[in-house]
Structure formats: C-alpha cells, structure tokens
Amino acid sequence: RKEVEQDPGPFNVPEGATVAFNCTYSNSASQSFFWYRQDCRKEPKLLMSVYSSGNEDGRFTAQLNRASQYISLLIRDSKLSDSATYLCVANNAGNMLTFGGGTRLMVKP
Amino acid sequence: SQTIHQWPATLVQPVGSPLSLECTVEGTSNPNLYWYRQAAGRGLQLLFYSVGIGQISSEVPQNLSASRPQDRQFILSSKKLLLSDSGFYLCAWSGGVVDEQYFGPGTRLTVT
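Per chain, the residues get numbers from 1 upward, laid out in the order the sequence is written. Both sets of labels track the order of writing: A upward for chains, 1 upward for ligands. This being a predicted model, a pLDDT of at least 70 is required before a residue's local features are given, and a value of 80 or more before pairs of side-chain atoms are given or counted; all residues contribute to the totals for chains, interfaces and linings. For the side-chain quantities, the full set of heavy atoms in the structure was used; hydrogens and water were omitted.

A.B. asks: How would you summarise the overall build of chain A if you had to cite specific residues and measurements?
C.D. replies: Each helix corresponds to a stretch of at least 4 residues labelled H or I by DSSP, and each strand to a stretch of at least 2 residues labelled E; elements are numbered beginning at the N terminus. The helix and strand inventory of chain A stands at zero helices and eleven strands. Taken from the N to the C terminus, the helices and strands of chain A come in the order β-β-β-β-β-β-β-β-β-β-β. Taken along its principal axes, the extent of the C-alpha atoms in chain A is 40 × 25 × 20 Å. By residue count, 46% of the 109 residues in chain A fall in the buried class. Per-residue and other accessible areas follow the Shrake-Rupley method at a 1.4 Å probe size, with only the shown protein chains counted as cover for residues. Summed over all atoms, the accessible surface of chain A reaches about 5,300 Å², with 47% contributed by carbon and sulfur. With 12 positive and 10 negative side-chain charges, chain A shows a separation of 4 Å between the mean positions of the two kinds. Only protein chains enter the accessibility calculation, which uses a 1.4 Å probe; a residue whose area is less than 20% of its type maximum is buried, one above 50% is exposed, and one in between is partly exposed. Two residue types count as positive, namely Lys and Arg, and two as negative, namely Asp and Glu; His and chain ends fall outside the count. Lys charges are placed at NZ, Arg charges at CZ, Asp charges at CG and Glu charges at CD.

The structure is reproduced here in structure tokens:
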C-alpha cells in the first residue's frame with residue numbers, strides 16, 4: 001500500500017465549478033501535510049500547508065481528518081488556470097516528505 | 001527572498017557517461033537540501049537529503065551519489081548513467097522552523 005494515495009483523475013470540470021480531491025495517508029504519525037501544484041514539465045509549487053484541522057486561502061480550502069487519515073482540497077469557482085496536477089504530501093518525520101502520485105485537474109471553458 | 005537554481009535545465013547523455021547536476025540556494029543559510037527524481041508519469045522519489053555541509057543521507061540505493069561542498073550548494077553525480085536514470089531531477093530546500101520544501105526549476109535528463 002502506498003503511503004500517500006490519490007485518485008490520479010483526470011477530473012474534467014467546467015469553469016466556475018467546485019471540485020474536491022481526497023488523499024489518504026497510511027502513517028498515523030504524520031504531523032503536517034501540504035498540497036502542491038505542478039504544471040506540466042514544471043517543478044511543484046507549494047499551494048497550501050495544513051498543520052491543524054484545515055486551512056483556507058481564497059478559493060482553496062484544505063481539510064484534515066486525522067481520525068480517518070485523509071486530507072481534502074476544495075477548489076471553488078474553478079478557473080482555466082487551475083488546470084494542473086495537485087500533489088498531496090505528508091511530512092512523516094524530520095522534514096521527510098512523502099508525495100502522492102498526484103491528481104490531474106482539467107478545467108474546461 | 002530565497003531563490004533556488006538548478007542547471008542545466010535539460011541534458012541528453014549516453015548510457016555509461018558521467019553526470020553532474022548542480023543546485024544552489026540564495027537568501028538563506030544552513031538550509032536542508034534534497035534531491036528528488038520524478039520519472040515520466042510517476043510521483044516524486046526522494047534520492048538524497050542533507051542537513052549540513054558534508055552530511056548526506058541516501059534514501060534509495062542506486063548508482064547516483066550526492067555531495068554538499070558548500071552550505072548552499074548540492075550536487076548530484078553519477079559515474080556511469082543507466083537508461084533507468086532518465087527523469088526529471090528536482091532539488092528542494094527547507095529551513096527554519098517550518099518544514100515546507102521549495103523546489104528548483106529542475107533538470108530534465110534523458111539517457112540514450
């Protein structure tokens with residue numbers, strides 16, 4: 001079983017839609033979590049950090065459920081520019097990050 | 001502000017040739033440094049990390065090695081490349097009290 005699992009997608013949504021991704025992690029000792037965005041053939045860029053139950057930044061909301069060991073990312077009012085691969089990441093210990101395989105989002109006009 | 005550089009951006013090398021990829025960080029001191037590889041259509045795999053000059057930890061045994069000759073310089077090397085070494089190599093740094101990692105632009109390596 002992978003330590004961090006994500007649905008690879010793709011999620012095809014129209015502009016303006018709300019879309020949610022879930023991510024599960026297997027290591028109950030994981031302390032913090034992140035969502036990164038990766039555009040095609042580019043480096044991952046940090047989107048959000050999740051240290052407690054959740055975080056919100058504009059149209060993006062991340063929620064953490066430690067009991068069920070999953071993290072979600074909600075994107076409201078999707079834009080064409082939101083099209084990318086979203087990586088779910090767990091910090092297990094000592095700044096060692098474990099990356100999920102990514103969920104691909106395609107926002108259509 | 002902090003910036004991270006990697007070069008070269010792209011590289012095509014024959015099997016059996018040596019490799020040297022360089023990563024430098026500006027605007028911070030004593031960062032933790034990381035090398036990752038992302039194979040086509042795959043997730044990121046941590047290869048090496050360093051918490052200080054000359055301190056290297058390897059996560060995956062392979063024909064690659066890493067060195068940290070200066071505080072903000074991290075080098076990934078190989079004496080003889082394999083076809084399976086092809087991929088997107090990413091350097092990252094973290095520092096301070098937070099554990100967020102920030103990535104460089106990457107080097108796309110194709111071994112032929």
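A.B. asks: Explain the sheet that holds strand 8 (residues 70–75) of chain A to me, and be specific about the residues and the numbers.
C.D. replies: Residue and element names in this part refer to chain A. The strand order 1-3-8-7-6 describes an open sheet built from five strands, whose pairing is antiparallel. In this open sheet, the two strands that pair with only one neighbour each are strand 1 (4–6) and strand 6 (54–57). On average, adjacent strands in this sheet sit at an angle of 15 degrees to one another, irrespective of strand direction. Strands are treated as partners if at least two bridges between them are detected by DSSP. Here, axes are lines fitted to C-alpha atoms. For helices the fit covers the stretch in contact, and angles between N-to-C directions go from 0 to 180 degrees.

A.B. asks: How would you explain the state of the cysteines if you had to name every residue and give the values?
C.D. replies: Two cysteine sulfurs form a disulfide in these notes if their separation is within 2.5 Å. This structure, assessed with the given rule, holds two disulfides over all chains. Put simply, Cys-23 of chain A and Cys-88 of chain A are joined by a disulfide, and their sulfur atoms are 2.0 Å apart. Here the disulfide of Cys-23 of chain A and Cys-88 of chain A is left-handed, its torsion about the S-S bond being about -80 degrees. Taken together, the residues Cys-23 of chain A in strand 3 (residues 19–25) and Cys-88 of chain A in strand 9 (residues 84–93) connect sequence positions 65 residues apart. Here the two residues Cys-23 of chain A and Cys-88 of chain A agree in accessibility, since each one is buried. Residue Cys-23 of chain B pairs covalently with Cys-91 of chain B via a disulfide, S to S 2.0 Å. Measuring the twist about the S-S bond at about -70 degrees, one finds the Cys-23 of chain B-Cys-91 of chain B disulfide to be left-handed.

A.B. asks: Tell me about unusual backbone geometry, residues and numbers included.
C.D. replies: With an omega of 10 degrees, the peptide bond between Gly-9 of chain A and Pro-10 of chain A qualifies as cis. Structurally, Pro-10 of chain A is set in the loop between strand 1 and strand 2 (11–14). A cis amide bond links Trp-7 of chain B with the next residue in sequence, Pro-8 of chain B, at an omega value of 0 degrees. Within the secondary structure, Pro-8 of chain B sits in the loop between strand 1 (3–7) and strand 2 (10–13). Despite not being glycine, Arg-41 of chain A has its phi angle at roughly 65 degrees, a positive value. Mapped onto the fold, Arg-41 of chain A is located in the loop between strand 4 (32–38) and strand 5 (44–50). Taking the relative accessible area as the measure of exposure, Arg-41 of chain A reaches 57% and is therefore exposed.

A.B. asks: Hey, could you go over the interface of chain B and chain A for me, with residue numbers and the actual values?
C.D. replies: Interface size, as often reported, equals the accessible area lost upon joining of the parts. Residues are treated as being in contact if the distance between any of their heavy atoms lies within 4.5 Å. At the interface, 20 residues of chain B touch 19 residues of chain A. Interface area for chain B against chain A, summed over the two sides, is near 1,500 Å², with a carbon-plus-sulfur share of 54%. In short, buried area is how much 1.4 Å probe accessible area vanishes from two parts on joining, totalled over both. For the chain B face of the interface with chain A, the top three residues by lost area are Asp-99, Phe-103 and Arg-108 of chain B, together amounting to 34%. Note on definitions: salt bridges are taken to be side-chain nitrogens of Lys or Arg within 4 Å of carboxyl oxygens of Asp or Glu. On inspection of chain B and its partner chain A, the count reaches zero salt bridges. The set of elements that each furnish at least two residues to the side of chain B that touches chain A consists of strand 4 (32–38), strand 5 (44–52), strand 9 (87–94) and strand 10 (102–103) of chain B. Sorting elements by how many residues they give to the side of chain B that touches chain A places strand 4 of chain B first, with four residues.

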